[in-house]
Amino acid sequence: MKKNTFYPVVSCAVLCGILAYSGFFQSREMAAYDWMMRTRPIKPASPEIAIIEIADDTLKALGRWPLPRDYHAALIKALTESGCRQIVFDVLFSEETQKDDALAQAMQRSEKVYLAYAFKLDSKAKDPIPSSTEILGNVATPFKYSVEGIGQINIRVDPDGKVRRLPLWVSHGNKLWPSLGLLAAAKRLGYPLEKMRFRPGSVILDNGVAIPVDVDGAYLVNFPGPWKETFLHFSYIDVLKAYSDRAAGKQPWLDLSVFKDKICFVGLTATGTADFRANPFDPVYPMVGTQASVCDNLLRRAFISHLLPLPRALIGAGIFIAAVTACWQFSVLGAFLFCLLFGAIYSALAWSLFAFRGIFIDLFLPLFIIAIVYAAILFRKFFQEAQKRRILESELEIAASIQRSFLPAQVQRIGKVKVRTFLEPAKFVGGDFYDIFAIDDATAGFFIGDVSGKGVAAALIMAQAISILRVIAKDIHDPGRVLEEFNNQLFRILKGRFITGQYLAVNFKEGFWEGACAGHPPLFVFNKTGDNLEQELAASGPPLGLMEKVSFLTVKKLFAPGDRIFMYTDGWSEMRNPKGKEFGVPRLKELLFNNRGQELDLFLENLRKQQQLFRKNASVHDDLTAVILDLGSG
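Note that the structure is predicted; figures quoted are calculated from it, not measured. (Residues numbered from 1 in each chain as written. Predicted model: local features only at pLDDT ≥ 70, side-chain atom pairs only at ≥ 80, totals over all residues. Heavy atoms only, no water.)

Student: Explain the overall build of the chain to me, and be specific about the residues and the numbers.
Tutor: Assigned secondary structure in the chain consists of 17 helices and 30 strands. Relative to its length of 634 residues, the chain is extended, with a C-alpha radius of gyration of 47 Å against a globular reference of 26 Å. In the chain, which comprises 634 residues, the proportion classed as buried is 51%. Intrachain contacts of the chain at a sequence separation of at least 6 include 74% that bridge at least 24 residues. Accessible surface computed for the chain: about 30100 Å², of which carbon and sulfur atoms make up 55%. Charged side chains of the chain number 73 positive and 64 negative; the gap between the two group centres comes to 3 Å. (Helix = DSSP H or I, 4+ residues; strand = E, 2+ residues; numbered from the N terminus. Rg over C-alpha atoms; globule rule 2.2 N^0.38 Å. Buried < 20%, exposed > 50% of the residue type's maximum accessible area, 1.4 Å probe, protein only. Contact = heavy atoms within 4.5 Å. Areas by Shrake-Rupley, 256 points an atom, 1.4 Å probe, with all protein chains shown as cover. Lys, Arg positive; Asp, Glu negative; His and termini not counted. Charge placed at Lys NZ, Arg CZ, Asp CG, Glu CD.)

Student: Outline unusual backbone geometry, listing residues and values.
Tutor: Cis geometry marks the peptide bond from W65 to P66; its omega dihedral reads 0°. Here P66 is to be found in the loop between α3 (56-62) and α4 (69-81). The backbone of E111 shows a phi angle near 60°, a positive value even though the residue is not glycine. Within the fold, E111 resides in the loop between α5 (100-110) and β3 (113-121). Here the phi dihedral of L537 falls at roughly 60°; this positive angle occurs in a residue that is not glycine. Mapped onto the elements, L537 comes out in the loop between β27 (533-536) and β28 (555-558).

Student: Please provide a residue-by-residue account of the nonpolar core, values included.
Tutor: One finds L168, I211, Y219 and F265 to be the most contacted residues of the largest nonpolar core, which totals 74 residues. The biggest single contributor to this core is helix α9 (residues 287-300), with 7 residues. If we ignore the near neighbours within four places in the chain, the residues touching I211 are L168, L182, G201, S202, V203, L205, Y219, L298 and F303. In this structure, I468, V506, V627 and L631 belong to the second largest nonpolar core, which totals 51 residues. (Core = buried A, V, L, I, M, F, W, Y, C linked by side-chain atoms within 4.5 Å.)

Student: I'd like to hear about the sheet that holds strand β10 (residues 197-199), residue by residue, with values.
Tutor: Spatially, the 3 strands line up as an open sheet ordered β10-β11-β12, and their pairing is antiparallel. Both edges of this open sheet fall to β10 and β12 (210-212), since each of them pairs with a single strand only. If you compare each strand with its neighbour and ignore which way they point, the axes differ by 25° on average. Pairing geometry for strand β11 (residues 202-204) and β12, over 3 bridges, is antiparallel. Residue pairing in the sheet places S202 in a bridge with P212 of β12. (Pairing = 2+ DSSP bridges. Axes fitted to C-alpha atoms, helices over the stretch in contact; angles between N-to-C directions.)

Student: How would you sum up the sheet that holds strand β13 (residues 218-220)? Please name residues and give values.
Tutor: Pairing is antiparallel across the open sheet formed by 3 strands, whose spatial order is β6-β7-β13. Lying at the two open borders of the sheet, with one neighbouring strand each, are β6 (156-157) and β13. Summarising the sheet, β6 and strand β7 (residues 163-167) pair through 2 bridges and their orientation is antiparallel. Bridging from a neighbouring strand, V157 pairs with V163 of β7. Its contacts with the sheet place α9 against β7 and β13, and it is angled at close to 65° to β7.

Student: So, the environment of S132: which residues are in play, and what are the values?
Tutor: Looking at the secondary structure, you find S132 in strand β4 (residues 132-137). The spatial distance from the C-alpha of S132 to the C-alpha of H172 is 5.3 Å, given a sequence separation of 40 residues.

Student: Can you break down helix α8 (residues 236-247) residue by residue, with the values?
Tutor: Between the first and last C-alpha of α8 there are 17 Å, a value that for 12 residues agrees with the 16 Å anticipated at 1.5 Å per step. Looking only at α8, the buried set comprises Y236, I237, D238, V239, L240, A242 and Y243. The inward-facing, buried residues of α8 abut β1 (49-54), α3, α4, β14 (232-235) and β15 (263-268). Two residues or fewer past α8, G249 is found with a positive phi of approximately 80°. (Expected span 1.5 Å × (residues − 1).)

Student: Give me the lowdown on the pairing of β15, citing residues and values where you can.
Tutor: For a regular strand, side-chain orientation follows a simple rule: the groups alternate between the two sheet faces. Among the 6 residues in β15, 6 count as buried, and that is most of the element. By the alternation rule, side chains of β15 split into I263, F265 and G267 and C264, V266 and L268, which are all buried. Examined bridge by bridge, β1 and β15 share 6 bridges and lie parallel to one another. Across the sheet, I52 pairs through a bridge with V266, a residue of β15.

Student: Break down the packing of helix α7 (residues 180-189) against α9 for me, with residues and values.
Tutor: At a minimum axis distance of 7 Å, the contact between α7 and α9 shows a crossing angle of 35°. Note that α7 runs across α9; the crossing there is right-handed. Judged by residue contacts, L180, G181, L182, A184, A185, R188 and L189 of α7 engage Q291, V294, C295, L298 and L299 from α9. (Left-handed = near helix turned anticlockwise from the far one by under 90°.)

Student: Could you give me a rundown of the side chain of D34, with the residues and numbers involved?
Tutor: Position of D34 among the secondary structure elements: in helix α2 (residues 26-39). A polar atom in the side chain of D34 sits 2.7 Å from the side chain of R164. (Polar contact = N/O pair within 3.5 Å; in protein donor to acceptor, adjacent residues only side chain to side chain.)

Student: A description of the environment of G137 should follow, citing residues and the corresponding values.
Tutor: Structurally, G137 is set in strand β4. When its relative accessible area of 0% is taken as the criterion, G137 is described as buried. In this structure the C-alpha to C-alpha distance between G137 and S11, which are 126 residues apart in sequence, comes to 50 Å. The residues touching G137, leaving out its near neighbours within four places in the chain, are L92, S94, A116, Y117 and A118.

Student: Can you lay out helix α17 (residues 600-615) for me, pointing to particular residues and giving the numbers?
Tutor: The end-to-end C-alpha distance of α17, which contains 16 residues, comes to 23 Å, matching closely the 22 Å that a straight helix rising 1.5 Å per residue would cover. Listed as buried for α17 are L600, F603, L604, N606, L607, Q611, F614 and R615. Down the axis, α17 shows its buried residues gathered within 160° of arc, on one side only. Where α17 is buried, its residues contact β21 (417-424), β26 (523-526), β29 (564-568), α15 (571-574), α16 (585-594) and β30 (624-630). (Arc of directions from axis to C-beta.)

Student: I'd like a description of the packing of α4 against α8, backed by residues and values.
Tutor: Orientation of α4 relative to α8, taken along the N-to-C sense of each, is 70°, at an axis distance of 9 Å. The pairing of α4 with α8 is recorded here as roughly perpendicular in orientation. Crossing geometry of α4 relative to α8 is assigned as left-handed. Residues Y71, H72, A74, L75, K77, A78, L79 and E81 of α4 lie in contact with α8, whose contacting residues are Y236, V239, L240, Y243 and R246. A class-by-class count of the residues in the contact of α4 with α8 yields 9 nonpolar, 1 polar and 3 charged. (Parallel < 35°, antiparallel > 145°, perpendicular 65-115°, else oblique. Nonpolar A, V, L, I, M, F, W, Y, C, P; charged D, E, K, R; others polar.)

Printed below as a string of structure tokens:
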């Protein structure tokens, strides 16, 4: 990592740590928590817990809620006589009624009944144990001294409306009130709650059992699974009917001995009642199941421990530094594959820790950090490549300008010959070239060539070749011999590359031209008004530079004033349209014939337009070059 990037990287790592420490993405982490909850292997809930549901069938048989309390007294008697360990009511008995004496007596005789308070929590309190100065749901006076214990049924509702946590303790009236599920489990296991100790991130019970909690004292409920797939479920009315049948000497269909040694949670589950919330498994989950889950967690010692802010911050910063360090070393594709693998390994590790060890580490933020790091590195590399590309393009524009300087200046006429040229490289620079020069007062030389390949390498060969050609053409006038000498010199320097070329010597005073061709497409000869359009000067030898000591045939042709010659490179015939179809020599011949009567500038402009119409938005795969001669027109 470069020195000038050290401080920005460290600053970003610190920022990632702060985000993890502050819980900025808490809602996203809770969504990840839900996913891990639903996908982990479901472990059976404690067989000691049974749920007695006050469901739709009960309200239909006994009347609307709240039920007369003598029914609760009968339920307590039935469960007590069956040998249950505890009867835990997740039901508020706040108001006094006329039938409270019977219920109080049943509670007192049972010595197994637990009731609940509901408090209004002080939202401004910062202590690990939430405090309350107001009771929302009290325990009526007749029952306070008839029960084994009283807990609280407060919950924490997350911003998305789901219940995942609850306070294990609520401070009210100089007393700590345990959650109902904690109270039931502690009594079952013999843990004296008054001897508990608070430590950062945990509550230590008397025998050393540590219950993990968040920094705000909230306990992550380890729900065993979906409501209908966990715990033993029984109907409140079915228990009463079985008890009544047994008292009448009948054989009940429900054997009440099933409740022997059970912790029985009694709660409201009827449709339309208020005691429902969403949780990680179900959109509608009875809150009696939440207290039963807390009890189950202690019985099985199956807790979920959420890492404290400092370790989360260190993980976030470490993930960032690891991702940056690795992505910096790889290509764009390599960085993508690394981030993909890194994210997958981290996700698997987080899921495994959660599923098998009950350790919940942040999942969303680390994956978000990995994705952001890749995006930032990708953007940086893209920006760097764009800068390099701009520099390269600037250099190539200079190279193109230098290459154009090797070509002859824009020649409109030489002697009696009008000249028009066209060169469009496939890239900034290319291997096509042409040359125009006076041989003597009556003769002009015209060369067109195509270096194998494209781009800078071809352009360098072109620059060297055009310089060699000019030296040779000064001393040798016969086109065939010019190409022979040109070939011999190119053979020594090209080393496997080659140049196709065509050279004409036009005598405009006597009305003839001589030419030779080395592996290049034949030229076209035509006049303005006649129907004669022919291909002339076919290749009489291989491309230049492939082999040494090759001879080329010189061809001599007469011309009439007004005749035209079209010299071109194969980029014209081989250019393709978006469908991949070639322009071809026949189409080129037809194009030349249809425009033969045009003035030279208009003729060239029509050629340009027609090739653009054919090519449309398809890319140019080869250089396009043409030299057009209007011979002897005066």
